[in-house]
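Structural description and commentary
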Amino acid sequence: LSTAITPPPGLPRAMAERIAQNASRASTVMPEGPIRPGETWTDSMVMADSGGPGAGGASAARSAFHMSYTLERVERQDGDSVAVISMRGKLQGDSTTEGAAPAGVMTGEIAVDLGAGLLTRSTTDLTVQIQTPNGPVPMRVTSEMEALPR
């Protein structure tokens with residue numbers, strides 16, 4: 001797993017890491033039943049965040065990902081059937097104890113080994129604009145994951 005987190009000036013690294021962690025949770029939602037290539041499903045995920053160390057944890061901020069997933073194709077890889085799924089969604093967050101409200105767009109692609117039911121690779125790109133008391137702060141989080149061969 002490779003995740004690049006470079007917090008922009010003025011944004012606490014802990015906040016950048018929490019946003020990246022929440023983005024990775026939003027990238028692994030599967031549909032409840034069978035689907036065919038071209039079909040789309042949606043999911044929303046709300047995550048509470050205590051604000052991290054030093055924030056007191058008294059008022060939890062909430063971030064919501066509203067995601068849309070599309071089964072692009074099923075392909076063969078090393079003899080296995082692998083579903084390739086694209087995703088696109090939005091992040092909207094409440095103000096945190098640090099006074100920041102994140103909003104952004106996430107895109108990516110995941111591949112799932114259908115026989116094993118395991119994620120084999122994932123790429124995500126999250127572009128966020130965080131509204132702070134000192135003005136907007138842009139941030140980008142990219143992530144790439146590839147499972148090791150069995």
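Rules of the game
- Residues numbered from 1 in each chain as written.
- Predicted model: local features only at pLDDT ≥ 70, side-chain atom pairs only at ≥ 80, totals over all residues.
- Heavy atoms only, no water.
- Helix = DSSP H or I, 4+ residues; strand = E, 2+ residues; numbered from the N terminus.
- Buried < 20%, exposed > 50% of the residue type's maximum accessible area, 1.4 Å probe, protein only.
- Contact = heavy atoms within 4.5 Å.
- Areas by Shrake-Rupley, 256 points an atom, 1.4 Å probe, with all protein chains shown as cover.
- pLDDT = per-residue confidence, 0-100.
- Salt bridge = Lys/Arg side-chain N within 4 Å of Asp/Glu carboxyl O.

Digging into the overall build of the protein chain
- A count of helical and extended segments in the protein chain gives one helix and seven strands.
- Along the protein chain, helices and strands appear, N-terminal first, in the series β-α-β-β-β-β-β-β.
- Burial status across the protein chain gives 39% buried among its 150 residues.
- Here the contacts in the protein chain between residues at least 6 apart in sequence split such that 52% fall between residues at least 24 apart.
- Element-wise, carbon and sulfur atoms account for 51% of the exposed surface of the protein chain, whose accessible area totals about 8500 Å².

Let's talk about the confidence of the model for the protein chain
- Residue-level pLDDT values for the protein chain average 76, and 65% of them are 70 or greater.
- For the protein chain, per-element mean pLDDT is lowest for strand β1 (residues 2-5), which scores 49, and highest for strand β4 (residues 80-93), which scores 91.

Some details on the environment of Q129
- For Q129, the position within the fold is in strand β6 (residues 118-132).
- Sequence spacing of Q129 and P102 is 27 residues, and the spatial spacing of their C-alpha atoms is 5.8 Å.
- Discounting chain neighbours no more than four positions away, the residues touching Q129 are A101, P102, A103, P136, V137 and P138.

Some remarks on the pattern of salt bridges
- As enumerated under the stated definition, the model contains three salt bridges in all.
- Between E75 and R121 there is a salt bridge; the shortest N-O distance is 3.6 Å. With a gap of 46 residues between them, E75 in strand β3 (residues 61-77) and R121 in strand β6 connect regions that are remote in the sequence.
- D125 is paired through a salt bridge with R140; the nearest N and O atoms lie 2.5 Å apart. Residue D125 is located in strand β6, and its partner R140 is located in strand β7 (residues 135-146); the two are separated by 15 residues in the primary sequence.
- Sharing partners across several salt bridges, the network here consists of R73, E75 and R121.

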